[in-house]
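If you want the building blocks of each chain, they are given just below.
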Amino acid sequence: MPGDDIERGGGGGVKSRTNNSYPSSSSSYLIEENETQWTSWLVPMFVVANVAVFIVVMYINDCPNHFHSRFQGKCVARFLGRFSFEPLRDNPLFGPSSATLKKLGALEWERVVHKHQGWRLVTCVWLHAGIIHLLANMLCLVFIGIRLEQQFGFVRIGIIYLLSGFAGSILSSLFIRNSISVGASGALFGLLGAMLSELITNWTIYTNKAAALFTLLVIIAINLAIGILPHVDNFAHIGGFLAGFLLGFVLLPRPRYGWLERQNLPANVSVKSKYKSYQYVLWLVSLVLLIAGFVVALVMLFRGENGNDRCHWCHYLSCVPTSSWNCDENQL
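Quick caveat: nothing in here was measured; it's all calculated off a predicted structure.

Draft legend 1. Summary view of the packing of aromatic side chains. The final tally for this structure, using the stated rule, is eleven aromatic pairs. Consider the rings of Phe-46 and Tyr-161, whose centres lie 4.6 Å apart with planes at 20°: the pair is stacked. Here Phe-46 is found in helix 1 (residues 42-61), whereas its partner Tyr-161 is found in helix 6 (residues 154-175), with 115 residues between them in sequence. What makes Phe-46 buried here is its relative accessible area of 10%. According to the relative accessible area criterion, Tyr-161 is buried, its value standing at 2%. Through pairs of rings, three or more aromatic residues link up here, namely Phe-46, Trp-126 and Tyr-161. One residue, Arg-82, lies across the ring of Tyr-59, its end atom 3.8 Å from the ring centre.

Right under this line is the structure:
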């Protein structure tokens, strides 16, 4: 498999954008009796959908019989038949070939901009470069997604997941032109960003504020730092994180304490508004930045502009060259 895969994360010769450690939830907070606790079903459905897509991709890939004759007889786990994996020297993550990923919707700048295949900005989020990549992302999705869905419901978490994945694809396309990219970690970083903004906008109801914020910031820093390694699409991580961070202010503010049980409060105690003034300000500013960011980024992308021309140092956000490796996008 040619060295042009970005799996949105880490690991091996297949360029990637997998994620690493994510927390399951923020710190404990004050709970009112009337607060709704949701049953999580959307996140498990996302997991099932990703696994089903990977199975379909492997079925179509059909390593023993596809047209890349130099691979014949070298597939891994040949007892799986057409579900066997590409040779490890071509894909060390136990997955399909680059050709199959391109065919089925991997993110590729040339096809998105010049062949008008904008749908790849969405489909790439549901593709994974290998079973290792898939398992890592799905474990992280279960780890953080289920708790968030239980707290805020499937609508808001679903919107954050999908829009963050889309935002990660856009930023990746603006800065990476010579590689393909697949993976859900942009969406996962969006959930991580939403956790941070949710902690900030609901600051007053948390009981362990400093500990929760410090833990979350450390985890975010570690994951973004890993993204500067070669073969990792950190732009997808950053794009997803920024979108999720802003969406958290818009979709995840909690009513001020006492609002849900205001009818049970003494007559001389009143709660004037559902949210605090700073929550309204954060909501408005984040919504404006979110809309402006999507519009500007999409216009730049479909005009064929290269983000590296506008930001000459931004490539260091995705890879920092050292004596041990270089950052050539086509280099495995």
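Draft legend 2. Structural view of the packing of helix 6 against helix 9 (residues 234-251). Close contact between helix 6 and helix 9 brings their axes to 7 Å; oriented N to C, the two are set at 145°. Classified by chirality, the crossing of helix 9 by helix 6 is right-handed. Only Phe-235, Ala-236, Ile-238, Gly-239, Gly-240, Ala-243, Gly-244, Leu-247 and Leu-251 of helix 9 make contact with helix 6, whose side of the interface consists of Arg-156, Ile-159, Ile-160, Leu-163, Ser-164, Ala-167, Gly-168, Leu-171, Ser-172 and Phe-175. The residue makeup of the contact of helix 6 with helix 9, split by class, is twelve nonpolar, six polar and one charged.

Thresholds, definitions, all that
- Residues numbered from 1 in each chain as written.
- Predicted model: local features only at pLDDT ≥ 70, side-chain atom pairs only at ≥ 80, totals over all residues.
- Heavy atoms only, no water.
- Phe/Tyr/Trp six-rings, centres within 6.5 Å; stacked < 30°, edge-to-face > 60°.
- Helix = DSSP H or I, 4+ residues; strand = E, 2+ residues; numbered from the N terminus.
- Buried < 20%, exposed > 50% of the residue type's maximum accessible area, 1.4 Å probe, protein only.
- Lys NZ or Arg CZ within 6 Å of the ring centre and 35° of its normal.
- Axes fitted to C-alpha atoms, helices over the stretch in contact; angles between N-to-C directions.
- Left-handed = near helix turned anticlockwise from the far one by under 90°.
- Contact = heavy atoms within 4.5 Å.
- Nonpolar A, V, L, I, M, F, W, Y, C, P; charged D, E, K, R; others polar.

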